[in-house]
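# Coordinate inspection notes
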Amino acid sequence: MLANLGLSRWDEHVYRAMLRHPCAEVEEIAAFLEAGEETVRQALDRLVDLALVRASDDGLRAVRPQAGLMLLLARAEAEVAARQHEIEATRTAIGSIVAEFSAHSSADVVTRLEGIEAVRDRLAELACEAEWECLWFSTGGAQASDAIEAAKPLNQTALKRGVLVRSVYQESFRNDPATVAYVRWMAQLGGHCRTVPTLPMRLVIFDRRAALVPIDPADSRAGALEIYIPGVLAGLVELFEQVWESGRPIGEAPARDGDGLTTQERHLLKLLAAGHTDESAARRLAVSTRSVQRMMTVLTERLRAVSRFQAGVEATRRGWVT
């Protein structure tokens, strides 16, 4: 109870015992508390240092709590006030540095961030500065564990401040328990998540004023471009909104269209019709080559075809592929 005033548990016990038994000696206090005499003496030394116990002609006596404890409380409050003043001064200094840096870099509408660590540091800064919205494209299926751990505090900080966070993942993430757990955690905190079969690239947009896109879409760890060009941002926001509208909210079962196809199956047919191999289609869908082959086996059986070529012809005839 009194730890904030510098008293340990035994200090408090001994002080209370002395208030109840003003004339008690060390041996008697030790007996009352069922403690060792050395423990009591050590507590008495600390109580003397805190001015809660004073020496008198009759020995050591406890100072009344109205005086002793209230004095300690006043000192603690003064220390808190001084610390708060220091924090405010630090906040002002940080604001000055941020303003100076922003003014220095305001002419740059595109900044190149080299390497994944530089990207993560900048994401942390932008997440703290975000006022009302964060939009994310998370490509690939299973998210790397270090990427999840890096993103968690950013999203948690933004959501606690009331920032609207909308994230789009690829359907294949549902095959990875760790990524599924992370997305559900986000949803519980108030984040909004949807899935689509394919995504064009990784993308993060803050308050529709700043966006990060990968330098190399095939290697997100190479770094990112931080963009402030209004025309480019408008296009990226529109891209996000179109993909978002086509996405499936987390928790919903895969919807099938009038032909009985899921969006992932239809995208697979389009990719194969466009000349993609099983391997390249798997990369676009962020699934394994074996998963692509299993889906094609199911689709071929539904089309009552005996070969992939015949399945393609029949899918085109039915209008599954345009």
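This is a predicted model, so every value here is computed, not measured. (Residues numbered from 1 in each chain as written. Predicted model: local features only at pLDDT ≥ 70, side-chain atom pairs only at ≥ 80, totals over all residues. Heavy atoms only, no water.)

Below, the discussion takes up unusual backbone geometry. A positive phi angle, near 65°, is found at Ala51, a position not held by glycine. If you trace the backbone, Ala51 turns up in the loop between helix H3 (37–49) and strand E1 (53–56). Overall, the relative accessible area of 28% leaves Ala51 in the partly exposed class. A positive phi is found at Asp207, a non-glycine position, where the angle reads about 50°. Counting through the fold element by element, Asp207 comes out in the loop between strand E7 (203–206) and strand E8 (210–214). (Helix = DSSP H or I, 4+ residues; strand = E, 2+ residues; numbered from the N terminus. Buried < 20%, exposed > 50% of the residue type's maximum accessible area, 1.4 Å probe, protein only.)

Take the state of the cysteines next. Counted according to the given criterion, the structure contains 0 disulfides. Between Cys134, a cysteine without a disulfide, and Cys128, which holds the nearest cysteine sulfur, the sulfur-to-sulfur distance is 10 Å. Relative accessible area serves as the criterion here: at 2%, Cys134 is assigned to the buried category. Cysteine Cys193 remains unbridged, with the sulfur of Cys134 as its closest cysteine sulfur at 13 Å. With relative accessibility at 7%, the residue Cys193 sits in the buried group. (Disulfide = S-S within 2.5 Å.)

So, on to a nonpolar patch on the surface. The grouping of Val109, Val110, Ile229 and Val232 at the surface amounts to a nonpolar patch, some 260 Å² of accessible area in total. Looking at where Val109 falls in the secondary structure, it is placed in the loop between helix H4 (65–105) and strand E3 (110–114). (Patch = residues over 30% accessible without salt bridge, like charges linked within 9 Å, V, L, I, M, F, W, Y side chains within 5 Å. Areas by Shrake-Rupley, 256 points an atom, 1.4 Å probe, with all protein chains shown as cover. Salt bridge = Lys/Arg side-chain N within 4 Å of Asp/Glu carboxyl O.)

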